[in-house]
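# Breakdown of the fold
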Amino acid sequence: MALLNETHDPALRSWLASANAAACDFPLQNLPFAVFRRQGSAEAFRGGVAIGDQIVDLAALAQTTLLNGAAQQAAQAGAAPKLNALMALGPAAWNALRLALSRLLREGASHQTDTQACLVPQAVAEFDVPAQIGDYTDFYTSVHHATNIGKQFRPDNPLLPNYKWVPIGYHGRASSIVVSGHAFPRPRGQVKAPDAAVPVLAASQRLDIELEMGVFIGTGNALGDPITMTEAENHVFGICLLNDWSARDLQGWEYQPLGPFLSKNFASTISPWVVTLEALAPYRVPFTRPADDPQPLPYLDSEANRAGGAFDIQLQVGLQTTQMRQAGEKDASISRTSYRHAYWTLAQMVTHHTINGCNLQPGDMLGTGTLSGPTLDQAGAFIELTQGGKKPVALPNGETRTYLLDGDAVVLRGWCEKPGAARVGFGECWGTVLPAK
Ligand code: CA
């Protein structure tokens, strides 16, 4: 578990003024990673680190003499069009680069002019999916989501008996993971109305969001060698925002017996920025279970996990309809929760995934599953917010929504803040629904 060190000092300020603004997602204490290039250019994508409203270009930085040792090695690995090589290096390299960047970017740093020459404004950048994602596994770690959904699909038996014992997951699709800003056509598929004799091929009428976090695997494990709870977090590079769009009408017809398929694999949108576990260290909170719930089996338990295996990350979902966009109105908040309510932690996801010997590889992504909080206004999907489409969500301009309409744009936001620590933000994760093809 990463402990607090000089890079977390809330008193640290950058010579870059925008990094010191109170509401900034990317102060000196954050330093998240993305891959980027200048918009509309033929430049190669390369790794970058956010600071204020700028990006430290790792390819440019690696060409200077500003870094050495493990930090230089990490910057060179991060200069590639995808971050897999950097992810594979492990925590010692990531932490060395973070420390070196913190020292270069803080007030009073030497070589400020040389560092400044490596900055690119975020306003002129475009982003790509930060890793070549070999495999995507989606978990189901919110007991509140599992219960709310279960009530609708199985009113008599909402929470299946395995839920509190085994971290539930399934293998998703990596090829359709896209970066924030993507627009995608409403999916078509087989749907069957409850009173219909046969299914029909149709555009989904129950298109939904799923508020999740995406977990990027750093160093992997050899096939056959499980990762233990003690080591699990050392295999995690960082976390991003993830909207795992879902077509509920397709899902309801296809999901038995093998689980979701075309209802989930048409698009999954992630934020460009990946926040490291080291940056999140001030926001660790204890992992707890209600006393009358089963405690995790020993292979999913550790003292460190109990003490601080969960993260208090604030999450918000915003919706901007076509009408709002045309009126120049910003998105309206439809849900607000925290990642701390998850029933299983990052370390438990990684450990459980590999207990059978399954190998994780650098750049693999694990989804947390929809992160609904304890009350319905903290739900991370329309199917919960609207109780299966029965109670529409009211928007400030008088419009209502049960599920998404064409032209709707959804934005996820995430951030951490508390007294005595610097704010750490995830930026935004946008996606827009286009008419079906
Ligand atoms: Ca999902």
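Residues numbered from 1 in each chain as written. Predicted model: local features only at pLDDT ≥ 70, side-chain atom pairs only at ≥ 80, totals over all residues. Heavy atoms only, no water.

Before going further, it helps to spend a moment on the overall build of the chain. What the chain contains, in helices and strands, is 13 helices and 26 strands. Its C-alpha atoms give the chain a radius of gyration of 21 Å, near enough to 22 Å, the size a compact globule of 437 residues would have. Counting only C-alpha atoms, the chain reaches 70 × 55 × 40 Å along its principal axes. Sorting the 437 residues of the chain into buried and exposed places 55% on the buried side. Surface exposure of the chain reaches about 17500 Å², of which carbon and sulfur atoms provide 55%. Charge-centre separation for the chain: the mean point of 32 positive side chains lies 4 Å from the mean point of 39 negative side chains. (Helix = DSSP H or I, 4+ residues; strand = E, 2+ residues; numbered from the N terminus. Rg over C-alpha atoms; globule rule 2.2 N^0.38 Å. Buried < 20%, exposed > 50% of the residue type's maximum accessible area, 1.4 Å probe, protein only. Areas by Shrake-Rupley, 256 points an atom, 1.4 Å probe, with all protein chains shown as cover. Lys, Arg positive; Asp, Glu negative; His and termini not counted. Charge placed at Lys NZ, Arg CZ, Asp CG, Glu CD.)

Quick look at the coordination of the calcium ion now. Coordination of the calcium ion by the protein involves Asp 138 (OD), Glu 210 (OE), Glu 212 (OE) and Asp 244 (OD), with metal-donor separations of 2.2 to 2.3 Å. Positions of the donor residues of the calcium ion, expressed as sequence spacing, correspond to D-x71-E-x1-E-x31-D. Under the relative-accessibility criterion, Glu 212 is labelled buried at 0%. (Donors = N, O, S within 2.8 Å, 3.2 Å for Na, K, Ca; no water.)

Attention now moves to the layout of surface pockets. In this structure, the largest pocket encloses a volume near 640 Å³. Lining the largest pocket are 29 residues, with Tyr 140, Ile 168, Tyr 255, Gly 259 and Pro 260 sitting closest to its centre. Among the elements of the structure, strand S6 (136–139), helix H6 (143–153), strand S7 (169–171) and helix H8 (248–254) are those that each provide at least two residues to the lining of the largest pocket. Among the elements that take part in the lining of the largest pocket, H6 stands out by supplying four residues, more than any other. Its residues assigned to classes, the lining of the largest pocket comprises 15 nonpolar, eight polar and six charged. If you add up the space inside the second largest pocket, you get close to 390 Å³. What lines the second largest pocket is a set of 15 residues, among which Lys 192, Pro 194, Arg 206, Gly 252 and Trp 253 lie closest to the centre. Of all the secondary-structure elements, those providing two or more residues to the lining of the second largest pocket are H6 and H8. Broken down by element, the residue count for the lining of the second largest pocket peaks at four residues, all from H8. (1 Å grid on protein atoms, 1.4 Å probe; cavity = no way out; pocket = protein on both sides within 12 Å on 5 of 7 lines; lining within 4 Å. Points joined across faces, edges and corners; volume = space filled by probe spheres on them. Nonpolar A, V, L, I, M, F, W, Y, C, P; charged D, E, K, R; others polar.)

Turning to the domain arrangement of the chain, a few remarks are in order. Here the chain is described as being made up of domain 1 (6–128) and domain 2 (136–434). The distance between the C-alpha centroids of domain 1 and domain 2 comes to 28 Å. At the junction of the two partners, domain 1 supplies 31 residues and domain 2 supplies 28 residues. Summed over the shared surface of domain 1 and domain 2, the result is two salt bridges. Where Glu 278 meets Arg 98, a salt bridge forms, and the shortest distance between an N and an O atom there is 3.7 Å. (Domains from an automatic or database assignment. Contact = heavy atoms within 4.5 Å. Salt bridge = Lys/Arg side-chain N within 4 Å of Asp/Glu carboxyl O.)

So, on to the sheet that holds strand S2 (residues 46–51). Spatial ordering of the open sheet is given by S4-S3-S2-S1-S5, a layout of five strands whose pairing is antiparallel. Looking along the sheet, the strands with just one partner apiece sit at the ends: strand S4 (119–121) and strand S5 (125–128). On average, adjacent strands in this sheet sit at an angle of 50° to one another, irrespective of strand direction. Of the strand pairs in this sheet, strand S3 (residues 54–57) and S4 are connected by three bridges, and their pairing is antiparallel. Note on S4: the bridge partner recorded for Val 56 is Leu 119. (Pairing = 2+ DSSP bridges. Axes fitted to C-alpha atoms, helices over the stretch in contact; angles between N-to-C directions.)

Glancing now at the sheet that holds strand S20 (residues 314–320). Ordered by their spatial adjacency, five strands build an open sheet running S9-S26-S25-S20-S21, and the pairing between neighbours is mixed. If you trace the sheet from one side to the other, it starts and ends with strand S9 (182–185) and strand S21 (332–338), each paired once. Within this sheet the neighbouring strands show an average axis-to-axis angle of 20°, counted without direction. Two strands pair when backbone bridges link them, and S20 and strand S25 (residues 409–418) are joined in this way by seven bridges, in the antiparallel orientation. Across the sheet, residue Gln 320 finds its bridge partner in S25, namely Ala 409.

On to the nonpolar core, then. The tendency in soluble globular proteins is for nonpolar side chains to be buried side by side. Ranked by size, the top nonpolar core spans 56 residues in total, and within it Met 213, Leu 280, Ile 313, Tyr 339 and Leu 404 carry the most contacts. Among the elements that make up this core, the one with the highest residue count is strand S26 (residues 421–434) (five residues). Once residues within four sequence positions are removed from consideration, Leu 404 is found in contact with Arg 186, Leu 207, Asp 208, Ile 209, Trp 245, Leu 319, Phe 382, Val 410 and Val 433. Counting 47 residues, the second-largest nonpolar core is a separate cluster that includes Val 49, Ala 75, Leu 97 and Leu 101. (Core = buried A, V, L, I, M, F, W, Y, C linked by side-chain atoms within 4.5 Å.)

Side chains that are three or four residues apart share a direction in an α-helix, a result of its 3.6 residues per turn. For helix H4 (residues 91–105), built from 15 residues, the straight-helix expectation of 21 Å at 1.5 Å per residue is met to within 8% by its first-to-last C-alpha distance of 21 Å. Among all positions of H4, only Ala 93, Trp 94, Leu 97, Arg 98, Ala 100, Leu 101, Ser 102, Leu 104 and Leu 105 are buried. (Expected span 1.5 Å × (residues − 1).)

A few words now on the pattern of salt bridges. The full count for this structure, using the stated rule, is 23 salt bridges. A salt bridge links Arg 401 to Asp 408; its shortest N-O distance comes to 2.7 Å. The buried category is assigned to Arg 401, whose relative accessible area is 6%. The class of Asp 408 is buried, set by a relative accessible area of 0%. Salt-bridge contacts for Arg 413 lead to Glu 428; the nearest nitrogen and oxygen are separated by 2.7 Å.

In terms of burial, S2 is largely enclosed, as six of its six residues are buried. Of the pairings in the sheet, the one linking strand S1 (residues 33–38) to S2 comprises four bridges and is antiparallel in character. Residue pairing across strands places Val 35 opposite Gly 47, the latter belonging to S2. If you look at the hairpin formed by S2 and S3, you'll find two residues sitting between the two strands, and Gly 52 has a positive phi there, around 55°.

With that out of the way, let us pick up helix H12 (residues 346–354). Across the nine residues of H12, nine count as buried, placing the element largely inside the fold. Within the span of H12, buried status applies to Leu 346, Ala 347, Gln 348, Met 349, Val 350, Thr 351, His 352, His 353 and Thr 354.

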